[in-house]
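Residue-level listing of the chains:
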Amino acid sequence: MNGAGRGGVQRTIRGMFADAGVRGWLHVAELRRPAAHVSVDPDEPVPVGSVYKMPLMVAFCRLADAGAVDPRLRVTLEPSDRMPGPTGISVLRDAVSMSLRDLVALMMTISDNTAADAVLRRIGTAAVDEVCRDLGMRDTTVHGGVATTFARLVTETGAESLSAAMERISDNDTTVPPAVYDPLSKASATPADMALLLRAIWTGRAASAESCAFMRGLMGKQPWTHRLASGFPYDDVTVSGKTGTFGSMRHEAGVVELADGSAYTAVVFTQAARADSTLPRADAVIGAAARVAVEELRGNEGL
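Structure report, in brief. (Residues numbered from 1 in each chain as written. Predicted model: local features only at pLDDT ≥ 70, side-chain atom pairs only at ≥ 80, totals over all residues. Heavy atoms only, no water.)

1. Some details on the layout of surface pockets
Stage number 1. Of the voids in this model, the largest pocket is the one considered here, and its volume is about 800 Å³.
Stage number 2. What lines the largest pocket is a set of 38 residues, and nearest its centre among them are Pro-86, Gly-244, Thr-245, Phe-246 and Gly-247.
Stage number 3. The set of elements that each furnish at least two residues to the lining of the largest pocket consists of α6 (145-157), α7 (162-169), β7 (238-246) and α10 (280-298).
Stage number 4. When the residues that make up the lining of the largest pocket are grouped by side-chain class, the tally is 16 nonpolar, 16 polar and six charged.
Stage number 5. By volume, the second largest pocket amounts to about 190 Å³.
Stage number 6. As for the second largest pocket, its lining consists of Phe-60, Cys-61, Ala-64, Asp-65, Pro-71, Arg-101, Ser-208, Glu-210, Ser-211 and Phe-214.
Stage number 7. Among the elements of the structure, α2 (53-65) and α9 (209-220) are those that each provide at least two residues to the lining of the second largest pocket.
Stage number 8. For the lining of the second largest pocket, the element with the highest residue contribution is α2, accounting for four residues.
Stage number 9. A class-by-class count of the residues in the lining of the second largest pocket yields five nonpolar, two polar and three charged. (1 Å grid on protein atoms, 1.4 Å probe; cavity = no way out; pocket = protein on both sides within 12 Å on 5 of 7 lines; lining within 4 Å. Points joined across faces, edges and corners; volume = space filled by probe spheres on them. Helix = DSSP H or I, 4+ residues; strand = E, 2+ residues; numbered from the N terminus. Nonpolar A, V, L, I, M, F, W, Y, C, P; charged D, E, K, R; others polar.)

Right under this line is the structure:
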């Protein structure tokens, strides 16, 4: 049964989004039978924040598979190379040297912005665009990743610095210029596109078998459990994912694997009505909505 016959669960999920104070986009599907899915506006592009690091990771792995990039190549990042961010190299003050492969690990596990920028500069946006075209992700673009997003944010808000721009879009008493959340000017994707990418990684089509195992392993090590994983708080359920945050937008794209061997791609994007940096209900509804969709797909089997 496809999403067209699931009006009841769609209404339920839309109601959950409204109760949490967010606009939501969702695509949840059986991993091996993607025609079985639940969706809410799955083909609408939105700015994705750090979710763009997923196709970037795939592009890196494909180049490494082809011998075009040495994953062990050491890259030195000076303090002047830092991108703003709350984790990893972004918060360090001295020069750091590590392999490209380890930079990919940092950008995927703790969403290190400096690591992601270094990887994107090394492999180029053309390689990421090629991945998106090859996998049928027609509505996904990365532009220049986090560097371009931050630069455009300063311009779009008319602020004198990035920190001032971030303060402006986090002020509930300030009207945010529409261009800030325009998907055409920054890294953006649809939930349906991200589901295609997840399926390709989990079924071994995104890159070599070894590289796909590497990517799945990294996504399984993400430490954040307040979004997608919060809907599946069981020891025998594995949730692997990648979060993304940009202003009032909170996202996660991942795979939920149950004890009976069934698995589901789960992509939930949200935009909160308020700009507060801490909105626990906006985070939690990502996991709650995904769980409702998975339960619908499983019928009466439960989790």
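2. Remarks on the packing of helix α3 (residues 100-109) against α9
Stage number 1. Where α3 contacts α9, the two axes come as close as 8 Å, and the packing angle between them is 40°. When the axis of α3 is compared with that of α9, the two are oblique. The interaxial crossing formed by α3 with α9 has right-handed handedness. On α9, the residues that touch Arg-101, Val-104, Ala-105, Met-108 and Thr-109 of α3 are Phe-214, Leu-218 and Met-219.
Stage number 2. For the contact of α3 with α9, the class distribution of residues is six nonpolar, one polar and one charged. (Axes fitted to C-alpha atoms, helices over the stretch in contact; angles between N-to-C directions. Parallel < 35°, antiparallel > 145°, perpendicular 65-115°, else oblique. Left-handed = near helix turned anticlockwise from the far one by under 90°. Contact = heavy atoms within 4.5 Å.)

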